[in-house]
Amino acid sequence: MNWKIIFQLSVFGLIMAFGTVSLIPEKIEPLFWLFIFCFCAFVIARVCDRKYFLHGFCVSLVNSIWITAAHIIFYNSYIAHHPDMAQMGDKMPLPAHPRLMMLIMGPVFGCGFGLVLGLFSWIASKIVAKKPAT
């Protein structure tokens, strides 16, 4: 496992964590993530020599840590800019604090998106030429 590349690529998640608090609108956020996932998959396929899926999965797990932490810490600002999330929180079956629900659901979403990035990385490994050894 190349933990260096996992943490380097997770910086995109850290940037998105702060960006989604108040700068990036909900409607265009998926476009940012699509670009980030494609770029990360390309880098993983180019730099890593095996376990492409696992590298992509781990990048998304680390991303989920950054994003969950930022959204919990800056909860009031996040909810002010994402009213749909506030409404979704009101409809949750468990009467728990929204920050607790974020803490619980963050890793779940991290695993779900990890499957997507892992698949992207695996597919990219079949397409992209490897970086020549130096």
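Here, the structure is the one placed above.
Residues numbered from 1 in each chain as written. Predicted model: local features only at pLDDT ≥ 70, side-chain atom pairs only at ≥ 80, totals over all residues. Heavy atoms only, no water.

Please clarify how the overall build of the protein chain should be interpreted in this entry.
Helix and strand content of the protein chain: seven helices and zero strands. Element order for the protein chain, N to C, with α for helix and β for strand: α-α-α-α-α-α-α. Projected onto the principal axes, the alpha-carbon positions of the protein chain cover approximately 50 × 25 × 20 Å. With 134 residues in all, the protein chain has 37% of them scored as buried. Intrachain contacts of the protein chain at a sequence separation of at least 6 include 84% that bridge at least 24 residues. Of the roughly 8300 Å² of accessible surface on the protein chain, a fraction of 74% belongs to carbon and sulfur atoms. Each charge class in the protein chain can be summarised by its mean position, and for the 10 positive and 5 negative side chains these summaries are 17 Å apart. (Helix = DSSP H or I, 4+ residues; strand = E, 2+ residues; numbered from the N terminus. Buried < 20%, exposed > 50% of the residue type's maximum accessible area, 1.4 Å probe, protein only. Contact = heavy atoms within 4.5 Å. Areas by Shrake-Rupley, 256 points an atom, 1.4 Å probe, with all protein chains shown as cover. Lys, Arg positive; Asp, Glu negative; His and termini not counted. Charge placed at Lys NZ, Arg CZ, Asp CG, Glu CD.)

I'm lost on the packing of aromatic side chains in this one. Help?
Any two aromatic rings considered together are summarised by their centre-to-centre distance and by the angle between their planes. In the structure shown here, the tally under the stated rule is seven aromatic pairs. Measuring from centroid to centroid gives 6.2 Å for tryptophan 3 and phenylalanine 7, while their planes differ by 35°, and the two rings are tilted. Here tryptophan 3 and its partner phenylalanine 7 are both found in helix α1 (residues 3-9), four residues apart, which amounts to about one turn of the helix. Judged by relative accessible area, which is 44%, phenylalanine 7 ranks as partly exposed. Among the aromatic residues, those joined into a cluster by ring pairs are Trp33, Phe37, Phe113 and Phe120. (Phe/Tyr/Trp six-rings, centres within 6.5 Å; stacked < 30°, edge-to-face > 60°.)

Please clarify how unusual backbone geometry should be interpreted in this entry.
Across the chain, the bulk of peptide bonds are trans and the bulk of non-glycine residues have phi less than zero. Phi is positive for lysine 51, close to 55°, though the residue is something other than glycine. Checked against the element boundaries, lysine 51 lands in the loop between α3 (29-47) and α4 (52-73).

Even after reading the chapter, I still don't get the side chain of glutamate 29, so can you show me in this structure?
Looking at the secondary structure, you find glutamate 29 in helix α3. For the buried residue glutamate 29, which engages in no salt bridge, the nearest side chain bearing the opposite charge is lysine 27, 12 Å off. Once you skip the residues sitting within four places of it in the chain, glutamate 29 turns out to touch Met16, Thr20 and Ile24. (Salt bridge = Lys/Arg side-chain N within 4 Å of Asp/Glu carboxyl O.)

Where do I start with the environment of phenylalanine 120 in this structure?
With respect to the element layout, phenylalanine 120 can be found in helix α7 (residues 98-127). Taking the relative accessible area as the measure of exposure, phenylalanine 120 reaches 27% and is therefore partly exposed. In sequence terms phenylalanine 120 and isoleucine 65 are 55 residues apart; their C-alpha atoms lie 20 Å from each other. Apart from residues lying up to four places away in sequence, phenylalanine 120 is in contact with Leu34, Phe37, Cys38 and Ala41.

Which parts of the structure should I look at to understand a nonpolar patch on the surface?
A cluster of nonpolar side chains, Phe53, Leu115, Leu119, Trp122, Ile123 and Ile127, forms an exposed patch at the surface whose accessible area comes to about 590 Å². Per-element tally for the nonpolar patch: the top contributor is α7, with five residues. Residue placement: leucine 115 occurs in helix α7. The exposure class assigned to leucine 115 is partly exposed, which follows from its relative accessible area of 49%. (Patch = residues over 30% accessible without salt bridge, like charges linked within 9 Å, V, L, I, M, F, W, Y side chains within 5 Å.)

Shape is all these values report; function is a separate question.
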